[in-house]
Amino acid sequence: MSKTLFITGGAGFIGSHVVRLFVNKYPDYCIVNLDALTYAGNLANLEDIASKPNYKFEKVDITDFEALKELFAFYKPDGVVHLAAESHVDRSITDPFVFIRTNVLGTCNLLHCAKELWKDNYTDKRFYHVSTDEVYGALEFDGTFFTEETKYDPHSPYSASKASSDHFVRAFHDTYGLPVVVSNCSNNYGSHHFPEKLIPLAINNIKNNKPIPIYGKGENVRDWLFVEDHAAAIDIIFHKGKDGQTYNIGGNNEWRNIDLIRLLCNIMDKKLGRTEGESQQLITFVTDRAGHDLRYAIDSSKLQNELGWTPSLQFEEGLEKTVDWYLANEEWVRNVTSGEYQKYYELQYSK
Ligand code: NAD
Ligand code: DAU
C-alpha cells in the first residue's frame, strides 16, 4: 500500500461517499474508517465496499484520546480526512455539550495524535479538516457570498463548535507547522442522508403522507450541492490543495426552503403517480428554528480556478436521483428510522 489514510466519520452521510470514492479510486491506499457509529453512523452505507482489501473499519469514539493514540501507533497513517462530527443544528440547540465534545475535543485529539506521530518529518503528511459554511454566519438577500476571507460569525451551538474546531486546526498549523487543509462546504444532498435533515425528511414524509414541517415562513435560503460533488472536491483538495489553505465548496445553487420543497413535491407526485399538487398539501408551517440563519451562499471560485473543481450535476437532476434512491431503498430508511441497525452494531461490536 502506498499510503494509509484515516477517514473519520466514514459511516455517516458524506463520509460514506468519501470512503467509497477513495477505496475505489485508490486501490493502493489503505483506507481506515474511524467511526463511533452514533445514531448517524451506519455501516450499511458502505456494504458495497466493505470487503475490499484496501478498506478497514475501526469503531472508535474520537473523544477517547487513549484509543486514538493506539490506532495512530498501530496504523501510522500518512493522512487524516476528518469528517466525524455531530452535524444537526436542531440537536445542537437541544444538547450543545455533545457537539463540544465531539466537534471540538475530538478534533483536538486527532490533531494532537497526528502532530505527535508526524512531528519529526511532516513531508507528504496531511490533516484535512472538513468544515461547513455555517461558521461564516448568515447573509442578507443582497447577492453577497461567503468567501474564504469572510469573518467567522457562528450562531448555533453546532456552527460555534465547528468554528472552534477550524480555529484549532489552523492553530496547529501556525504553532506546530502541522500540514493542514480546511474546506467549508454548503448544504449537501444525495443518497444515505439521515432523514432528520430537510430533504430526506421531506421525501420520507411525502411518501408516507405525513406533514412536511417548514420552519418559519420557509424563506431561508440554502446553497445545495450534490454529495458526490463534495466528495470529488475533497479528493481534489486532499491531493492538490496547498498547506495551510482554506477552500470554499458550494453548488452556486440557492433555493428558498419553500421553493425547494414545492419542487420536491412535484417530483414526488410524478414518481408516486399522484395528481399534480397533491403532495404540496402536506406542507405545514411550524415554529421557526431558534437563531435560524437567513441565507447561505458560497463563492467557490478559488477552488474552481486554482484546483479545477466544478460541480457536475444540475439540482433538478440531482434531486430526482436522490428521490429515486430513497424510493428504491425503503429498507434503509426503515432501519435508520427504527434504530434497528444500532441494535445490530451494539451486538457485533460490544466488547
Ligand atoms: P453525519 O451526521 O451524517 O455523520 C457523522 C458521522 O460521524 C457518523 O458516522 C457518526 O457516527 C460519526 N461520529 C459522530 N460522533 C463521533 C465521535 N465522537 N467519534 C467518532 N465518530 C463520530 O454528518 P455529515 O452530514 O455526513 O457531515 C460530515 C462532516 O461534514 C461534518 O464534519 C459536517 O460538519 C460537515 N459538513 C456537512 C454538510 C452537510 O450538508 N451535511 C455540509 C458541510 C460540511
Ligand atoms: O450549510 C451546511 C450545513 O447544512 C451543514 O454544516 C450541516 O451539518 C447540515 O445539517 C446542514 O445544516 P442546515 O441546518 O442548513 O440543514 P437542515 O437540513 O437541518 O435544514 C435546511 C433548512 O431547512 C434550514 O433552513 C432549516 C430548514 N428546515 C429543516 C428541517 C429539518 C425546515 O424548514 N424544516 C425541517 O424539518
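Here, every reference points to the structure presented above.
Described below are features of the structure shown in this document.

What counts and how
- Residues numbered from 1 in each chain as written.
- Chains lettered and ligands numbered in written order.
- Predicted model: local features only at pLDDT ≥ 70, side-chain atom pairs only at ≥ 80, totals over all residues.
- Heavy atoms only, no water.
- Pairing = 2+ DSSP bridges.
- Helix = DSSP H or I, 4+ residues; strand = E, 2+ residues; numbered from the N terminus.
- Axes fitted to C-alpha atoms, helices over the stretch in contact; angles between N-to-C directions.
- Contact = heavy atoms within 4.5 Å.
- Near = heavy atom within 4 Å.
- Polar contact = N/O pair within 3.5 Å; in protein donor to acceptor, adjacent residues only side chain to side chain.
- Areas by Shrake-Rupley, 256 points an atom, 1.4 Å probe, with all protein chains shown as cover.
- Nonpolar A, V, L, I, M, F, W, Y, C, P; charged D, E, K, R; others polar.
- Buried < 20%, exposed > 50% of the residue type's maximum accessible area, 1.4 Å probe, protein only.
- 1 Å grid on protein atoms, 1.4 Å probe; cavity = no way out; pocket = protein on both sides within 12 Å on 5 of 7 lines; lining within 4 Å.
- Points joined across faces, edges and corners; volume = space filled by probe spheres on them.
- Parallel < 35°, antiparallel > 145°, perpendicular 65-115°, else oblique.
- Left-handed = near helix turned anticlockwise from the far one by under 90°.

## Considerations on the sheet that holds strand β3 (residues 55–59)
With parallel pairing, the seven strands of this open sheet are ordered in space as β3-β2-β1-β4-β5-β6-β10. In this open sheet, the two strands that pair with only one neighbour each are β3 and β10 (246–249). Going across the sheet, the axis of each strand differs from the next one's by a mean of 20°, ignoring polarity. The sheet contact formed by strand β6 (residues 180–185) and β10 spans four bridges and is parallel. Paired with S183 across the two strands is Y247, which belongs to β10. Where helix α2 (residues 65–75) meets the sheet, its contacts fall on β1 (3–8), β2 (29–35), β3 and β4 (79–82), and the angle it forms with β1 comes to roughly 160°. Of the strands in this sheet, β5 (126–132), β6 and β10 touch helix α5 (residues 157–176), which is tilted by about 155° from β5.

## What about the site of ligand 1?
As a structural note, the neighbourhood of ligand 1 is formed by 28 residues, with I14, D35, S87, Y158 and K162 the closest of them. At 2.9 Å from a nitrogen atom of ligand 1 is found a main-chain nitrogen or oxygen belonging to I62. Expressed as a share of its isolated accessible area of 830 Å², the protein-covered part of ligand 1 is 96%. Of all the elements, β5 adds the most residues to the shell around ligand 1, at three residues. A per-class count over the shell around ligand 1 returns 14 nonpolar, 11 polar and three charged.

## Structural notes on the side chain of N109
Topologically, N109 is positioned in helix α4 (residues 96–118). With relative accessibility at 9%, the residue N109 sits in the buried group. Among the polar contacts made by the side chain of N109, one reaches the main-chain carbonyl oxygen of I62 at a distance of 2.9 Å. Every residue in contact with N109, bar those within four places of it in the chain, is listed here: I62, T63, D64, F65 and L68.

## Section: the site of ligand 2
Residues in close proximity to ligand 2 total 23 residues, the closest being T132, D133, Y158, R289 and H292. Between ligand 2 and Y215, the relevant distance is 2.8 Å, taken from an oxygen atom to a main-chain nitrogen or oxygen of the residue. Within the complex, 94% of the 690 Å² of free accessible area of ligand 2 lies under protein. Those elements that place two or more of their residues in the shell around ligand 2 are α6 (198–207) and β8 (212–215). In terms of residue count, the dominant contributor to the shell around ligand 2 is β8 (three residues).

## Considering the pairing of strand β9 (residues 221–226)
Of all the six residues making up β9, six are buried; the element is thus mostly covered by neighbouring parts of the structure. Of the two faces of β9, the one carrying V221, D223 and L225 and the one carrying R222, W224 and F226 are both buried. Looking at chain direction, strand β7 (residues 187–189) and β9 are connected through three bridges and run parallel. By the bridge assignment, N187 is partnered in β9 with W224.

## Overview of empty space enclosed by the protein
Rolled over the atoms, a probe sized like a water molecule indicates the empty space that remains. Scanning the entire structure with this criterion turns up one cavity of 30 Å³ or more. As a volume, the largest cavity reaches approximately 50 Å³. Lining the largest cavity, in full, are V89, E134, S156, R222, R289, A290, G291, H292, D293 and Y296.

## Quick word on the packing of helix α1 (residues 13–25) against helix α7 (residues 227–240)
At a minimum axis separation of 9 Å, α1 and α7 run at an interaxial angle of 55°. In terms of axis orientation, α1 runs oblique to α7. Crossing handedness for the pair α1 and α7: right-handed. Taken together, the residues of α7 that come into contact with α1 (itself represented by F13, I14, H17, V18, L21, F22 and K25) are V227, E228, H230, A231, A232, I234, D235, F238 and H239. Its residues assigned to classes, the contact of α1 with α7 shows 10 nonpolar, three polar and three charged.

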